[in-house]
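# Chains, contacts and geometry: an overview
So the chains spell out like this:
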Amino acid sequence: MSVTERPRQSLAGLWNISFGFFGIQVAFGLQNANISRIFQSLGSDVGSLALLWIAGPVTGLLVQPLIGHFSDRTWGRFGRRRPYFLAGATLAALALIGMPHAPVLLAAAVLLWLLDASINVSMEPFRAFVGDMVGAPQRTTGYAFQTAFIGAGAVLGSLAPFALTAMGISNIAAAGVIPDSVRYSFYLGAVAIFGAVLWTVLTTREYPPEALRAFAGERDAPAPSPVAPRHGALWLLAGVAVLAAVATLRLERDLYVLGGALAAFGLLRLLAAALVRAGRCHNALCHIMSDLAQMPGEMRRLAVVQFFSWFALFIMWIYTTPVVTQYVFLSTDTASKAYNDGADWVGILFSVYNGVAALAAFLLPVLAKRIGPGRTHMSCLLIGALSYAAMLFVRDADLLVLPMIGVGVAWASILTMPYVILAGVLPPQKLGIYMGIFNFFIVLPQLLVATIMGAIIRGFFPAAPIWTMLIAAIVMACAALAMLRVRDPEAAAG
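The following paragraphs examine the structure supplied in this document. Source: prediction; values computed, not measured.

Each aromatic ring pair is specified by the distance between its two centres and by the angle formed by the two planes. A full pass over the atoms with the stated rule returns 24 aromatic pairs. Consider the rings of W15 and F149, whose centres lie 4.9 Å apart with planes at 90 degrees: the pair is edge-to-face. With W15 in helix 1 (residues 11-41) and F149 in helix 6 (residues 139-166), this pair connects stretches of sequence that are 134 residues apart. For F149, a relative accessible area of 8% puts it in the buried group. Consider the rings of F307 and F308, whose centres lie 5.6 Å apart with planes at 80 degrees: the pair is edge-to-face. Members of the aromatic cluster, joined through ring pairs, are F28, W310, F314, W317, F350, Y353 and W411.

Here is the structure:
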């Protein structure tokens, strides 16, 4: 078969390919900066915040690999990835409209589940979409555009309540009621995610399967035979052991979720193994578990880095609001002006690190050319670890901007460099499923934070959430050290 190169994308083409991520990240920024505020306003204590965030990671574990699997195999009049973009954006917009009207904590948790699942449906195929649409010479630039839109969208999402407050919209409300500034911000987010994703859907045309097969290095090759995943029984036993320990030792109830997840994963591996041995591997479960078992070695090593780096990020997203309001604005009363001013300031801080990420996205490729993507990523993660450690000591609201600049550098690299490295080592015909599987290592730390951090806070520092920042610093440093085992794509290929 003839082999061709992907056409080079213009700047407008690169913009259109990734612009949908701007709206997705407006929604994600609103979620990260305001969900803990909404939960606390509806009566949640600090120790319960992590458990209330549990809906997102559990859903992500199911949604991301399935969307990756099916988007690899989808082709119709609307393309391959784009139908998933638009469906997810529509559902996310509805969840954003409903979230600030949640009357009780349970309703807010359900809407968070819908919002997180819908964002995942839109976001997961976007990672593979860049790999589909740009060739190797433009790969780093393509992901840099995506990172820039992620940063810009998150700035808007994080700043929205503060900006609306400055325009005269109230940022305080009676106990159990969400302030108008937050409510209107979520309406803005609904418009942003739907409009931006629709822009990408209408302005891009995907390459049909035969064109993708014709691109250099992507000739038809026999698909690897499915393999039976191993150790399913061990995962099941581990889950049962955690559940039994929680019940008999009266441990924190949050850990029931962790035990149930381990047991369910073990059962799925056992079922997939049985299907492979029976020659009935013609379903999504079997293919996903088989692909998980056959992950390329570099992806396995990079997954460890991803796990630790996102563990630190989720700690920041969940606990920055209680840390800043208690230690800098000196209030834990969610109905007070001081608390709500502090919560608004968290939005400012989050906008700072996202704004830095949007700018740093275009500087990272220059650094990566000099020292390689791997060393670039390790250096940025170390900067992030030092920045989290600095938050233990800063008690001035303005000075908190400095560690957020460092977090922004790390965030830019987390959103860019792992995908540059991955795109160089993954089989193109499985780009969607492997990007979905790679997102396991974003979701798993979120699940772990949601199930153990509440227990850690209640057990060791129930009135001092500041120590969550020390934990974030330690695990981000672990991510940087794990990069020592990851080779750059050129070295891995050799």
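So, about the side chain of S336. Relative to the helices and strands, S336 resides in the loop between helix 12 (297-327) and helix 13 (337-360). The exposure class of S336 is buried, given its relative accessible area of 17%. A polar contact is formed between the side chain of S336 and the backbone oxygen of D333, at a distance of 2.7 Å. A distance of 3.1 Å separates a polar atom in the side chain of S336 from the backbone nitrogen of Y339.

Right, let's talk about the environment of G29 for a bit. Its place among the elements puts G29 in helix 1. On the basis of relative accessibility, which here comes to 5%, the residue G29 falls in the buried class. Separated by 310 residues in sequence, G29 and Y339 have C-alpha atoms that sit 20 Å apart.

With that settled, consider the nonpolar core. For soluble globular proteins, nonpolar side chains are generally found buried alongside one another. Of all hydrophobic cores here, the largest spans 133 residues; its most connected members are M99, I193, M316, W317, Y388 and W411. A per-element tally of this core places helix 12 first, with 18 residues. If we skip the residues at most four places from it in the chain, M316 touches F350, Y353, Y388, M404, V407 and M469. Judged by nonpolar contacts, the second largest core, of five residues, contains V63, I67, Y84 and A117.

A separate point is helix 17 (residues 431-438). Each α-helix winds once per 3.6 residues, and so residues spaced three or four apart point in a common direction. Burial analysis of helix 17 places eight of its eight residues in the buried class, which makes it a mostly covered element. All of the buried residues along helix 17 are L431, G432, I433, Y434, M435, G436, I437 and F438.

Turning next to the packing of helix 12 against helix 18 (residues 440-460). The N-to-C vectors of helix 12 and helix 18 enclose an angle of 50 degrees; their axes lie 8 Å apart at closest approach. With respect to helix 18, the axis of helix 12 lies oblique. In this structure, helix 12 meets helix 18 at a crossing whose hand is right-handed. Of the residues in helix 18, those in contact with A303, Q306, F307, W310, F311, F314, I315, I318 and Y319 of helix 12 are F441, I442, L444, P445, Q446, L448, V449, I452, M453, G454 and I457. Partitioned by chemical class, the residues of the contact of helix 12 with helix 18 number 17 nonpolar, three polar and no charged.

Calculation criteria
- Residues numbered from 1 in each chain as written.
- Predicted model: local features only at pLDDT ≥ 70, side-chain atom pairs only at ≥ 80, totals over all residues.
- Heavy atoms only, no water.
- Phe/Tyr/Trp six-rings, centres within 6.5 Å; stacked < 30°, edge-to-face > 60°.
- Helix = DSSP H or I, 4+ residues; strand = E, 2+ residues; numbered from the N terminus.
- Buried < 20%, exposed > 50% of the residue type's maximum accessible area, 1.4 Å probe, protein only.
- Polar contact = N/O pair within 3.5 Å; in protein donor to acceptor, adjacent residues only side chain to side chain.
- Core = buried A, V, L, I, M, F, W, Y, C linked by side-chain atoms within 4.5 Å.
- Contact = heavy atoms within 4.5 Å.
- Axes fitted to C-alpha atoms, helices over the stretch in contact; angles between N-to-C directions.
- Parallel < 35°, antiparallel > 145°, perpendicular 65-115°, else oblique.
- Left-handed = near helix turned anticlockwise from the far one by under 90°.
- Nonpolar A, V, L, I, M, F, W, Y, C, P; charged D, E, K, R; others polar.

Limitation: the analysis is restricted to geometry and does not speak to function.
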